[in-house]
Amino acid sequence: MGYPDRPGWLRYIQRTPYSDGVLYGSPTVENVGKPTIIEITAYNRRTFETARHNLIINIMSAEDFPLPYQAEFFIRNMNVEEMLASEVLGDFLGAVKNVWQPERLNAINITSALDRGGRVPLPINDMKEGVYVMVGADVPFSSCLREVENPQNQLRCSQEMEPVITCDKKFRTQFHIDWCKISLVDNTKQVSTFQEVIRGEGILPDGGEYKPPSDTLKSRDYYSDFLITLAVPSAIALVLFLILAYIMCCRREGVIQLVHHSAIQKSTKELRDMSKNREIAWPLSTLPVFHPVTGEIVPPLHTDSYDNTSMPLMQTQQNLPHQTQIPQQQTAGEFRMTTFQRFEASI
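Just so it is clear, the model here is predicted, and its values are computed rather than measured.

S.K.: Please clarify how the state of the cysteines should be interpreted in this entry.
M.R.: In a disulfide, the sulfur atoms of two cysteines are covalently bonded to one another. In this structure the tally under the stated criterion is two disulfides. The side chain of Cys144 participates in a disulfide bridge whose partner is Cys167; the two sulfur atoms lie 1.5 Å from each other. The sign of the S-S torsion, about -85 degrees, decides the handedness of the disulfide formed by Cys144 and Cys167: left-handed. One end of the pair, Cys144, is in helix 3 (residues 143-146); the other, Cys167, is in the loop between helix 4 (151-158) and helix 5 (169-172), with 23 residues separating them in the sequence. Overall, the relative accessible area of 7% leaves Cys144 in the buried class. When the cysteines engaged in disulfides are numbered in sequence order, the protein pairs them as 1-3, 2-4.

S.K.: How should I be thinking about the packing of aromatic side chains in this particular structure?
M.R.: The relative placement of two aromatic rings is captured by the distance of their centres and the angle of their planes. For the structure shown, the criterion picks out nine aromatic pairs. Both rings, one in Phe92 and one in Phe175, keep their centres 5.3 Å apart while their planes meet at 80 degrees; by these two values the pair is edge-to-face. Of the two residues, Phe92 is situated in helix 2 (residues 86-100) and Phe175 in the loop between helix 5 and strand 8 (183-186); the sequence distance between them amounts to 83 residues. Across this residue pair, the class does not change: Phe92 and Phe175 are buried. Geometry around Tyr132 places Arg116 over its ring, the cationic atom sitting 4.5 Å from the centre. Sitting over the ring of Phe74, Lys181 keeps its end group 4.5 Å from the ring centre.

S.K.: Would you take a moment to explain the sheet that holds strand 6 (residues 105-112) for this structure?
M.R.: Strand pairing in a sheet takes place through backbone hydrogen bonds and is either antiparallel or parallel in direction. Ordered in space as 6-7-5-8, the four strands form an open sheet in which the pairing is antiparallel. Strand pairing shows two members of the sheet lacking a second neighbour, strand 6 and strand 8, which therefore form its edges. Each strand axis lies, on average, 20 degrees off the axis of its neighbour in the sheet, ignoring direction. When strand 5 (residues 69-75) meets strand 8, the two strands line up antiparallel, connected through four bridges.

S.K.: Just to check I follow, could you spell out helix 2 for this structure?
M.R.: Residues that lie three or four places apart on an α-helix share one face, since the helix turns once every 3.6 residues. Here helix 2 spans 21 Å end to end across 15 residues, near enough to the 21 Å set by a 1.5 Å rise per residue. Residues of helix 2 that are buried include every one of Val88, Leu89, Phe92, Leu93, Ala95, Val96, Val99 and Trp100, and no others. Along helix 2, the residues classed as buried sweep out an arc of 155 degrees about the axis, all on the same side. Residues Ser86 and Glu87 are exposed on helix 2 and point more than 90 degrees away from its buried face. Check the buried side of helix 2 and you find it contacts strand 5, helix 1 (80-83), strand 6, strand 7 (131-137), helix 3 and helix 5. A positive backbone phi angle near 60 degrees is found at Gln101, which sits one or two residues after helix 2.

What counts and what doesn't
Residues numbered from 1 in each chain as written. Predicted model: local features only at pLDDT ≥ 70, side-chain atom pairs only at ≥ 80, totals over all residues. Heavy atoms only, no water. Disulfide = S-S within 2.5 Å. Helix = DSSP H or I, 4+ residues; strand = E, 2+ residues; numbered from the N terminus. Buried < 20%, exposed > 50% of the residue type's maximum accessible area, 1.4 Å probe, protein only. Phe/Tyr/Trp six-rings, centres within 6.5 Å; stacked < 30°, edge-to-face > 60°. Lys NZ or Arg CZ within 6 Å of the ring centre and 35° of its normal. Pairing = 2+ DSSP bridges. Axes fitted to C-alpha atoms, helices over the stretch in contact; angles between N-to-C directions. Expected span 1.5 Å × (residues − 1). Arc of directions from axis to C-beta. Contact = heavy atoms within 4.5 Å.

Bear in mind that shape data such as this cannot, by itself, settle questions of function.
In structure tokens, the structure reads:
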């Protein structure tokens, strides 16, 4: 009551929504004499009717009933809620009392194997998670319980084999105990490890009681910090933006390329104009030849007014003023004569 969760020593388990819920745990010495109030709220799943109940737990000291000899058993075929049942726990304590023969025997702590780092068992063959049960007595351990400390049994446990325990048959009918995980604690032989603290170089001097700061603290002005945080990055960003704009707009590489291209185009035009007026070597087909009939020299087929750059190498056949048309219909003798005369004229 008054806290968001249960005490650290108190646990709660409920397997299914329709099974009984179980509160269990063992308080520590710090909880002795402090009544613990557990506020329980329950509601009906069908009618949603709500009920509330306060459970008061009174924790008493165990110094009036000392139990110096403590033994912890691991029972493999039980779950914690099954072991907490009064009749099952009574049967287990009865079996331990038969092999230990104490005057007074009580259960000190019951813990699920899952709380000790155990794994959740597979849902086959009705496997159990296991439970640790610690019991205390007022007499030393019996010879049957000390058999687990024999070297032979320790060797068998290291080889993952079952140790040989003479009193195991008294538990086997109902409880399957893992004797390799049993622990025996004799509090009468434990030496106190408390040592008085001696002040030395490694211990800080006592600074007195801690005094927290006053509730009436002076308010701090964050306006200047806000301006510095925003003004400086904004100024740097503005300068970078102006530099980038100058590079992209005023120093673009495209303008230089256009000027260079215009210069090349202008130079090319000048070269073409100059090539129209230069003298070139005329091909043989354009040189002066003899007329095949009159023997006169025929001038070349070009004039100075022609565009030399567009004139082909071989001129097309044209009707020159001194050229004689050869008839289309000729005899074989006349054709041979004409050929000969043209050949002679060429020589």
